[in-house]
Amino acid sequence: MSPIGTRVRDGLERAGRKSARDPKPVVAVVLLLVLVSGGIAATSLQMSMGMTLYIDDDSETAEEWAALKDDFETGNNVFIVVKSDQLYDPETIRAIDRLDRGYTGLDETTRVISLADIVRAGADGEIPATETGVRRALDRATARNPEMATLRSQVVPESGTTIILADYGEVGTFDRGRLLPQRGADIVYGQIREETDQAALPPGLSVTVTGQPVFENAAFGLMLPEMITLFAGAFALIFGVVYLVMRSKVERGWHVFLPLGTAMTALIYMMGAMGVLGYNFNAIMLGVMPIALGLGIDYGLQTQTRYLEERSNGRSPVDAAGLATRTTGRALLIAMGTTVVGLGSLLVSEVPPVQQFGVTSAVSVFASMVLAVTLLPALLVRFDAGTADVGDDDDDYDRLEAAMGALTRRLTAGKPLLTIFLAVLLVSGGAYAYPQVEPRQQMMDFWPQNLDAKEDLERLEDTVEGSKVIYVVVETDRAYTPETFREVSTYQRLMLEHSNVNAVVSPVSTVRAANGGRLPETQSQLDAALRAASEDGPIAVRDPSATPNKLLLTFYVDDVEGEPVRTLIDEFEGNADYTLTTAEDVQVTGKPVLNRNVIENVTAGLTPMTLLSFALGFAFLALAFRSVKISAVLIAAVAGSAALLVTGAMYLVGIPWNPLTITMSSLTLGIGIDYGVHVFERFEYEVAERGRTRIDAATTAVAKLSRPVIGSSFTTIFGFGVLTVSQFPVLANFGLTTVFAIALSLIAAFGILPAALVTVRLIERHDSTPAAEPAGS
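Conventions used here
- Residues numbered from 1 in each chain as written.
- Predicted model: local features only at pLDDT ≥ 70, side-chain atom pairs only at ≥ 80, totals over all residues.
- Heavy atoms only, no water.
- Helix = DSSP H or I, 4+ residues; strand = E, 2+ residues; numbered from the N terminus.
- Contact = heavy atoms within 4.5 Å.
- Areas by Shrake-Rupley, 256 points an atom, 1.4 Å probe, with all protein chains shown as cover.
- Lys, Arg positive; Asp, Glu negative; His and termini not counted.
- Charge placed at Lys NZ, Arg CZ, Asp CG, Glu CD.
- Buried < 20%, exposed > 50% of the residue type's maximum accessible area, 1.4 Å probe, protein only.
- Polar contact = N/O pair within 3.5 Å; in protein donor to acceptor, adjacent residues only side chain to side chain.
- Pairing = 2+ DSSP bridges.
- Axes fitted to C-alpha atoms, helices over the stretch in contact; angles between N-to-C directions.
- Parallel < 35°, antiparallel > 145°, perpendicular 65-115°, else oblique.
- Nonpolar A, V, L, I, M, F, W, Y, C, P; charged D, E, K, R; others polar.
- Phe/Tyr/Trp six-rings, centres within 6.5 Å; stacked < 30°, edge-to-face > 60°.
- Salt bridge = Lys/Arg side-chain N within 4 Å of Asp/Glu carboxyl O.
- Bend = angle between axes of the 7 residues up to and from the residue.
- Patch = residues over 30% accessible without salt bridge, like charges linked within 9 Å, V, L, I, M, F, W, Y side chains within 5 Å.

Peer 1: Break down the overall build of the chain for me, citing the residues and quoting the values.
Peer 2: A tally of helices and strands in the chain yields 26 helices and 10 strands. Relative to all contacts within the chain whose residues are 6 or more apart in sequence, the contacts with residues 24 or more apart total 82%. Of the roughly 29,400 Å² that the chain leaves accessible, carbon and sulfur atoms contribute 55%. Averaging the coordinates of the 61 positive side-chain charges in the chain and doing the same for the 89 negative ones gives two points 10 Å apart.

Peer 1: Which residues make up unusual backbone geometry, and what values do they have?
Peer 2: Located in the positive-phi region is E73, a residue other than glycine, with phi close to 50°. In this fold, E73 is placed in the loop between helix 3 (60-72) and strand 1 (76-83). Taking the relative accessible area as the measure of exposure, E73 reaches 45% and is therefore partly exposed.

Peer 1: I'd like to hear about the side chain of D97, residue by residue, with values.
Peer 2: On the secondary structure map, D97 appears in helix 4 (residues 90-104). Here D97 falls in the buried class, since its relative accessible area comes to 7%. At a separation of 2.9 Å, a polar atom in the side chain of D97 contacts the side chain of R120. Non-local contacts of D97, meaning those with residues more than four positions away in its chain, are made with A116, R120 and I127.

Peer 1: Got a sec to walk through the sheet that holds strand 2 (residues 109-113)? Specific residues and values, please.
Peer 2: Consider a sheet: its strands pair through backbone hydrogen bonds, and that pairing is either parallel or antiparallel. Here we have 4 strands laid out as an open sheet, ordered 2-3-1-6, and antiparallel in their pairing. Every other strand in the sheet has two partners, leaving strand 2 and strand 6 (206-210) as the edge strands with one partner each. For this sheet the average axis-to-axis angle between neighbouring strands, irrespective of direction, equals 20°. Seen against the sheet, helix 17 (residues 452-463) touches strand 1, strand 3 (161-168) and strand 6 and runs at an angle of roughly 105° to strand 6.

Peer 1: Describe the sheet that holds strand 7 (residues 468-475), listing the residues and the values that go with them.
Peer 2: Taken in spatial order, the 4 strands make up an open sheet running 8-9-7-10, and their pairing is antiparallel. Every other strand in the sheet has two partners, leaving strand 8 (501-505) and strand 10 (585-589) as the edge strands with one partner each. On average, each strand axis in the sheet is inclined to that of its neighbour by 20°, with strand direction left out of account. Sheet topology places strand 7 next to strand 10; 5 bridges connect them, and they run antiparallel.

Peer 1: Hey, could you go over the pairing of strand 3 for me, with residue numbers and the actual values?
Peer 2: Burial within strand 3 is extensive, with 8 of its 8 residues counted as buried. Burial along strand 3 is two-sided: the residues T161, I163, L165 and D167 and T162, I164, A166 and Y168 are all buried. Of the strand pairs in this sheet, strand 1 and strand 3 are connected by 8 bridges, and their pairing is antiparallel. Paired with N77 across the two strands is D167, which belongs to strand 3. Pairing geometry for strand 2 and strand 3, over 4 bridges, is antiparallel. Looking across to strand 3, one finds that V112 is bridged to A166.

Peer 1: Please provide a residue-by-residue account of the packing of helix 6 (residues 131-144) against helix 7 (residues 146-155), values included.
Peer 2: Put simply, helix 6 and helix 7 touch, their axes get as near as 5 Å, and they point 130° apart. Taken together, the axes of helix 6 and helix 7 are oblique relative to one another. Here helix 6 contributes L138, D139, A141, T142 and R144 to the contact with helix 7, which in turn contributes P146, M148, A149 and R152. For the contact of helix 6 with helix 7, the per-class residue count stands at 5 nonpolar, 1 polar and 3 charged.

Peer 1: Can you tell me about the packing of aromatic side chains, naming the residues and giving the values?
Peer 2: Under the counting rule described, the total for this entry stands at 6 aromatic pairs. Between F625 and F680, the ring centres sit 5.2 Å apart and the planes meet at 90°, which makes this aromatic pair edge-to-face. Separated by 55 residues along the polypeptide, F625 in helix 22 (residues 591-625) and F680 in helix 24 (residues 664-689) bring together distant segments of the chain. Per residue, the accessibility class of F625 equals that of F680, and both read buried.

Peer 1: Any details on the side chain of S361? Residues and values, ideally.
Peer 2: Looking at the element boundaries, S361 is found in helix 13 (residues 352-372). Discounting chain neighbours no more than four positions away, the residues touching S361 are V288, I291 and L343.

Peer 1: Any details on the pattern of salt bridges? Residues and values, ideally.
Peer 2: For the structure shown, the criterion picks out 31 salt bridges. Among the ionic pairs, R17 bridges to E13, the shortest N-O distance being 3.0 Å. Note that R17 and E13 are positioned in helix 1 (residues 3-21) at a spacing of 4 residues, about one turn of the helix. Summarising the burial analysis for this pair, R17 and E13 share the class buried.

Peer 1: Can you lay out helix 12 (residues 317-343) for me, pointing to particular residues and giving the numbers?
Peer 2: Helical geometry: 3.6 residues make up each α-helical turn, so side chains three or four residues apart lie on a common side. Taking the largest bend as the criterion, helix 12 deviates by roughly 40°, centred on G329. Within helix 12, 21 of the 27 residues are buried, leaving the element largely enclosed by the surrounding structure.

Peer 1: Let's hear about a negative patch on the surface: which residues, and what values?
Peer 2: A contiguous patch of negative charge, built from D56, D57, D58, E60, E63, E350, D477, E573, D577, E584 and D585, is present on the exposed surface. With respect to the helices and strands, D477 occurs in the loop between strand 7 and helix 18 (482-496).

Peer 1: How would you sum up the pairing of strand 1? Please name residues and give values.
Peer 2: For a regular strand, the rule is simple: side chains alternate between the two faces of the sheet. Taken across its 8 residues, strand 1 has 7 buried, putting it largely inside the fold. Pairing of strand 1 with strand 6, which is carried by 5 bridges, proceeds in the antiparallel orientation. For V82, the partnering residue across the bridge sits in strand 6 and is V207.

The following block contains the structure:
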């Protein structure tokens, strides 16, 4: 063993012995950190939701979206669906006009457009007294202005149905001094409902408030209660499985929960770190729990099992603690280091919660490892009953060891070439499936689908062709001039020719409506038209003095998905370059743009993160073992094989890439290498120090590690398998991916790795070397 390796083992042993001999300082430090971390978490952590969470604040997309909200106080769109059998009856139009004025009077709304506005535009600002007059007014308004015709088709998508379009900006409530904009939809929705209830509506007229913000807010309201329910169930299952697995190994039943205590402590530290770093809980960050708790339990079980083994061999509690941390601790240190550097690859992601996922997971894994070699030995010695024969194997344990040993000897290690051949076939299938796994194209597909708000939104999308909004901001110091208005008019006409663009609202189209369908020729005429289209006009135009150098164009577009969204965005930008020659800058933004940016960032970062994760893991293992060959075998046989098998499983059951499942490679690397290092360390001991054949060494390694490794893996599988029933598809898919990652990592470590170790000569016998203790249990 190298001098560095010896010093590491000696340091780990000293840590374990010191903690066991004098536990008070360790417990005091741990409790102090728990209080500090818990206090930080309780006063700073929040639940967050919304598309902007997945966009880097410093990116051009985020800056343009923020500028839109700051400059124009818009960006969120609520659709009020009004149904009536007598839509063009003057009484109905007057009722719609009352709703329009009520919604416009709200402090939060910045613009409201309705059928009543178009009627007024064609009737000199009045509402006709007869149905014939209403229809004539609509015809006049649309005949004068082609853009008004497209708007009419937008607000009257089908017979008997009209849509009131309401825009608002960033609205929120304050919690602990921090703005929660996700609650904005709830505020606006409540006020709109109140205005609707107060308006005098004729019989037979129904009103439904819907839109993406309303759906997101409904989903947000489910997140916290679901998180509490799911994780309460997960912890209950984890406690039960750990008890069943470890009960026969401990002196007293409650001792089985000591490793859980260190894992839970690490979770508190992780949440404190989140508060310090300014992270919040969201659907993505909830996925940290399986890694944090799963590996934390594994580290604790490995240390506890090794301690119990040494106690059963007659060693004193302090000696058993020292030897447990010396041997198992080295394997834990290597596994932890590999996991942390692998999680570091998530920092290259363009999606902020994925970066935060990597940081917080690394904090938790590091804390779990430190606690496993300090706090846990102190607790094990403190609650040791004083008997030296604890942990004797019973019949169940013997059968488990015998079964795993027989499987290894007769199949995996006994027939290594056959095992490797079958593994190559399966892994090749996973490699084929990797590019076939597709991402979800809409962020809203990540949230609960069985909501009334979702059904309302789907009905809206089926009814209204332009249920999505793209904003174009034209910036120039000559914004409100006839020349710029002519260029913008040409641009709007080109975009309305696109099959996916249905309507536009802008100062240009509003001025045309107020000017008899014509654009003013001179500046004085334009100024007069702008005054006519002010707050008293049929469709109000924003005060030019508020944004004198910017024009806002609001386009209503089809609910397109995938690559067509990028094509549509490119057309908006391309036509702007062609027609808006006087503009200094043109910004295309809106929720479809944000959505597409997130989806593209998810897929663009997937392969680089995967390659970087495995490259960093390979480099760390090569340094830790001082062997490129050992590192290559561990990465290829366990982590790489398991990751590709997981991809194949995702393809078969239809799990898409999303901001959580793209962490699969780092997740599999962390879990797989943890299992693989324990198997290899025990194999190395059996070959190099006890002189066994490679088949015997592989058989012993798998048999002796079966209980702690299988126990910890099944604990996490059963515990976090509850995520598969989540109402949030993003969590349900991640739960299933986690189950695949753990199960297939276990199969790779206990199946493919023993075959590789028997086939590839990694360890030479050193019979003259004094025997060292086996790492792992």
